[in-house]
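Topology and contacts: notes
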Amino acid sequence: MSRTYDIDINDGWARFTHGAFACTVVSDGVLELGPAHANFPTADPAEIDDLLHRNYLPTDNVRLNQNLLVVNTGSQLILFDTGVGTMPDLGVSTFGTHTGRAVRNLRAAGIDPADIDIVAITHAHPDHCWGLVDAGGKQLYPNATVMVSEADFTHWTDLGKIADAPNEHMADHYRGAHANLMPYAEAGRLVTFSDGFEVVPGITAIATPGHSPGHTVYEITSEGSTMICWGDLCHHQVLLLQRPDWRFQFDYDGPAATAQRRRIYDLVDTRRHTVFAYHFPFPGLGHLRPDGDGYTWVPSPVEPARASAPETTGSGSGSGSGSGSGC
Ligand SMILES: [Zn+2]
């Protein structure tokens, strides 16, 4: 007999340092995606059940965290992805009331959204870019420049593609990306990029197209240590690490997604890089250990005593006020 536990975390944020960078993880809440079989359509259902059972996870509801990373380089404050947001026709109405908590938790961590200098997007799916504007369409990060791959910006803001969408949820992918990205583009504060783009010194975009046309992971290096912020390269800490060849239901190009997964898994394993995983159990920080044809997730220890108080280091050389953002 066994059971799983839902462990509540007060305020939904955590702090750690990476080289000289002060980092904060902020939760946007949990996505509940329903039965595992439907989320991994190319997998053997019995093997899904077996892997989940052996790892003490339920088979009837895949639950994915949304871990937003904030990096303070000492001169700039960079937010990676935004969560699903709170727009009335999208956001929380689609993903439930356990989501849409990013801004509240940023403030709980002592971070004023107005102090964010850059919002770097891994890809333009709902749970990664729909939190750029509020329920009324107003920019939630009024002093930030949004950075997104040219391929994803071009694809997901093209409302002409709605006509070919297979269902309303996929049609919303285009509507939501357009509603969230265009206000920043029209304000002249959106930059598109391709492979190898330098976000700021020490942070570089690596093109990993597959899950979406312009999916990007970010290599974050400080004082000789590298962390890979990998967005939706991998959605599940057991299933897609142990079985990299399985397809996730929202992969745009399944074989390409698998190839990128294997490439980046090998990179972080070979070079012993740290992984920051958007959808893994909070706070999503850890390493990979080779295990058969795949990998096992090795979470970094969480030390509650060290997370007791926000830092007071100021931020922001950019247009943000930068005063006392504490991250
Ligand atoms: Zn995602």
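Along the chain, Gly-131 turns up in the loop between α5 (126-129) and β6 (145-149). When the C-alpha positions of Gly-131 and Arg-101 are compared, they lie 9.5 Å apart, and in sequence the two are 30 residues distant.

The subject of this paragraph is the sheet that holds β6. Strands sit in the order β1-β2-β3-β4-β5-β6-β7 across an open sheet of seven strands; the sheet is mixed. The open sheet has two edge strands with one neighbour each: β1 (13-18) and β7 (190-193). With direction set aside, neighbouring strand axes in the sheet form an average angle of 25°. With four bridges joining them, strand β3 (residues 63-72) and strand β4 (residues 77-80) adopt antiparallel strand pairing. Each residue of the ladder has a partner; that of Asn-72, found in β4, is Leu-77.

Bringing the nonpolar core into the picture now. Looking at soluble globular proteins, one finds that nonpolar side chains tend to be buried together. Counting 84 residues, the largest nonpolar core has Val-119, Val-146, Leu-181, Cys-229 and Trp-230 as the members making the most contacts within it. Per-element accounting of this core gives the leading share, six residues, to strand β2 (residues 21-32). Apart from residues no more than four positions distant in its own chain, Val-119 is found in contact with Leu-79, Thr-82, Leu-132, Tyr-141, Ala-144 and Val-146.

So, about helix α7 (residues 168-186). Taking 1.5 Å per residue, 19 residues should reach 27 Å; α7 reaches 26 Å between its end C-alpha atoms and fits that length. Taken together, the buried positions of α7 are occupied by Asp-172, His-173, Tyr-174, Arg-175, Gly-176, Ala-177, Ala-179, Asn-180, Leu-181 and Tyr-184.

Okay, the sheet that holds strand β13 (residues 285-291) next. The strand order across the open sheet formed by seven strands is β8-β9-β10-β11-β12-β13-β14, and the pairing between neighbours is mixed. The open sheet terminates on both sides in strands that have one partner only, identified here as β8 (198-200) and β14 (294-299). Between one strand and the next, the sheet's axes are offset by a mean angle of 35°, whatever the strand orientation. Pairing of β8 with strand β9 (residues 203-207), which is carried by two bridges, proceeds in the antiparallel orientation. By the bridge assignment, Glu-198 is partnered in β9 with Thr-204.

On to the pairing of β3, then. In terms of burial, β3 is largely enclosed, as eight of its ten residues are buried. Looking at chain direction, β2 and β3 are connected through nine bridges and run antiparallel. Bridge pairing in β3 links Val-26 to Leu-68.

Let us look at the pairing of β13. Judged from the two bridges that link them, strand β12 (residues 274-276) and β13 form a sheet pairing that is antiparallel. Among the inter-strand pairings, Val-275 is bridged to a residue of β13, identified as Gly-286. Here six bridges tie β13 to β14, and the two strands are oriented antiparallel to one another. The partner of Leu-288 across the bridge, within β14, is Trp-297. As consecutive antiparallel partners, β13 and β14 are separated by two residues, and within that stretch Gly-292 has a phi angle of approximately 65°, a positive value.

Turning next to the environment of Leu-52. Its location among the elements puts Leu-52 in helix α2 (residues 45-54). Look at Leu-52 and you get partly exposed, because 19 C-beta atoms sit within 10 Å. Along the sequence, Leu-52 and Ala-36 sit 16 residues apart, while their C-alpha atoms lie 9.0 Å from each other. Leave out the neighbours within four places in its chain, and Leu-52 touches Ala-36, Leu-57, Pro-58, Thr-59 and Val-238.

On to unusual backbone geometry, then. Cis peptide bonds are those with omega within 30 degrees of zero, and the linkage from Phe-282 to Pro-283 qualifies with 5°. The topology assignment puts Pro-283 in the loop between β12 and β13. In this structure, Tyr-56 is a non-glycine residue whose phi angle is positive, near 60°. For Tyr-56, a count of 11 C-beta atoms within 10 Å translates into the label exposed. In this structure, Arg-272 is a non-glycine residue whose phi angle is positive, near 55°. On the neighbour-count criterion, Arg-272 (10 C-beta atoms within 10 Å) is exposed.

Calculation criteria
- Throughout, a residue's number is its position along its own chain's written sequence, starting from 1.
- Totals for whole chains, interfaces and linings use every residue, but because this is a predicted model, local features are given only for residues with pLDDT of at least 70 and side-chain atom pairs only at 80 or more, for both listing and counting.
- The secondary structure listing takes helices from DSSP runs of H or I that are at least 4 residues long and strands from runs of E that are at least 2 residues long, numbered from the N terminus.
- At least two bridges found by DSSP between two strands are what make those strands a pair.
- Lines fitted to C-alpha atoms define the axes, with helix axes restricted to the stretch in contact, and inter-axis angles between N-to-C directions lie between 0 and 180 degrees.
- The term nonpolar core means buried Ala, Val, Leu, Ile, Met, Phe, Trp, Tyr and Cys residues held together as one set by C-beta atoms within 7 Å.
- Once C-beta atoms are placed from the backbone, each residue is buried if 20 or more other C-beta atoms lie within 10 Å of its own, exposed if 12 or fewer, and partly exposed for counts between those two.
- Any residue pair is listed as a contact if its two C-beta atoms, each placed from the backbone, are within 7 Å.
- Any helix carries an expected span of 1.5 Å times its number of residues minus one.

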